[in-house]
Amino acid sequence: MPKIELTRVNGDFGFEASDENGHIVKMDSSPESGGQNYGVRPMQMLLMGLAGCSAIDVITILKKQRQEVEDYKMVVNGAREAGKEPSLWKDVTIEFHLFGNIDENKAAKAVELSLDKYCSVAATLKDSGTEISWKVFVHPQILTEK
C-alpha cells in the first residue's frame, strides 16, 4: 500500500509531502488564506495528477501504435464550485499538444481512452461530478519552449 508522509516546514501551511521512494512535493495555502506561496495548492495538485496520469496513458498508447511522440505538453484549466465548502472542481478543460510524426485520429483516440477508460484520476474527478472536456493538437515539429 502506498504511504505518504506530510511534514510542516514553512509557516502555518507550508508542507512537504513525501512518498515511500523519497519524492517530495511542496504544498501551501494561498496568501489570502494565510499561506506564503511556499508550494502548490492541494486542489491544483489534483489537476497536476490528472495531467500526469493522462500523459502516461496517452504516450503509452501511442508508443504501442508506433507513433513518434517527440515532445508533449498539456494545458489544464479548472473552475471550482462557487460559494460551497468543500469547493469541488466543477469543469476542467484540457489541451493536449503532441509533437512529432503522429496520426491525428490515433492521438484523439488515445486521449479518449485515457480520460474515459484508463486514467484513475479522471475517474475520481468524474465520480465527484467534474465535467472534463478536451482538445487534441498534433504539431509536426518539436516543442522548442518548455
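Now for a look at the structure at hand. As the structure is a prediction and not an experimental result, all values here were calculated from the model.

**Overview of the overall build of the chain**
- Along the chain, the regular secondary structure elements total 3 helices and 6 strands.
- Walking the chain from its N terminus toward its C terminus, one meets helices and strands in the order β-β-β-α-β-β-α-α-β.
- Principal-axis analysis of the C-alpha atoms places the extent of the chain at approximately 50 × 35 × 35 Å.
- Counting over 146 residues, the chain shows a buried share of 31%.

**Re the packing of helix α1 (residues 42-64) against helix α2 (residues 104-118)**
- Closest axis-to-axis distance for the α1/α2 pair is 9 Å, and the angle between their directions is 130°. Comparing the axis directions of α1 and α2 gives the class oblique. Judged by the sense of rotation from one axis to the other, the crossing of α1 with α2 is right-handed. Of the residues in α2, those touching α1 at Leu50, Ser54, Asp57, Val58, Ile61 and Leu62 are Lys106, Ala107, Ala110, Val111, Leu113, Ser114, Leu115 and Tyr118.
- Grouping the amino acids of the contact of α1 with α2 by side-chain chemistry returns 10 nonpolar, 2 polar and 2 charged.

**With respect to the pattern of salt bridges**
- In the structure shown here, the tally under the stated rule is 4 salt bridges.
- A salt bridge links Asp12 to Arg8; the shortest N-O distance between them is 4.0 Å.
- The salt bridge involving Asp116 is made with Lys126; its shortest N-O contact spans 2.8 Å. One end of the pair, Asp116, is in helix α2; the other, Lys126, is in helix α3 (residues 120-127), and 10 residues separate them in sequence.

**Side note on the packing of aromatic side chains**
- As enumerated under the stated definition, the model contains 0 aromatic pairs in all.
- We note Arg80 situated over the ring of Trp89; from NZ or CZ to the ring centre the distance is 5.7 Å.

**Focus: the environment of Gly83**
- With respect to the helices and strands, Gly83 occurs in the loop between β4 (68-80) and β5 (89-101).
- Remark: the alpha-carbon pair of Gly83 and Asp103, spanning 20 residues in sequence, is separated by 43 Å.

Here is what the cut-offs are and how they apply
Residues numbered from 1 in each chain as written. Predicted model: local features only at pLDDT ≥ 70, side-chain atom pairs only at ≥ 80, totals over all residues. Heavy atoms only, no water. Helix = DSSP H or I, 4+ residues; strand = E, 2+ residues; numbered from the N terminus. Buried < 20%, exposed > 50% of the residue type's maximum accessible area, 1.4 Å probe, protein only. Axes fitted to C-alpha atoms, helices over the stretch in contact; angles between N-to-C directions. Parallel < 35°, antiparallel > 145°, perpendicular 65-115°, else oblique. Left-handed = near helix turned anticlockwise from the far one by under 90°. Contact = heavy atoms within 4.5 Å. Nonpolar A, V, L, I, M, F, W, Y, C, P; charged D, E, K, R; others polar. Salt bridge = Lys/Arg side-chain N within 4 Å of Asp/Glu carboxyl O. Phe/Tyr/Trp six-rings, centres within 6.5 Å; stacked < 30°, edge-to-face > 60°. Lys NZ or Arg CZ within 6 Å of the ring centre and 35° of its normal.

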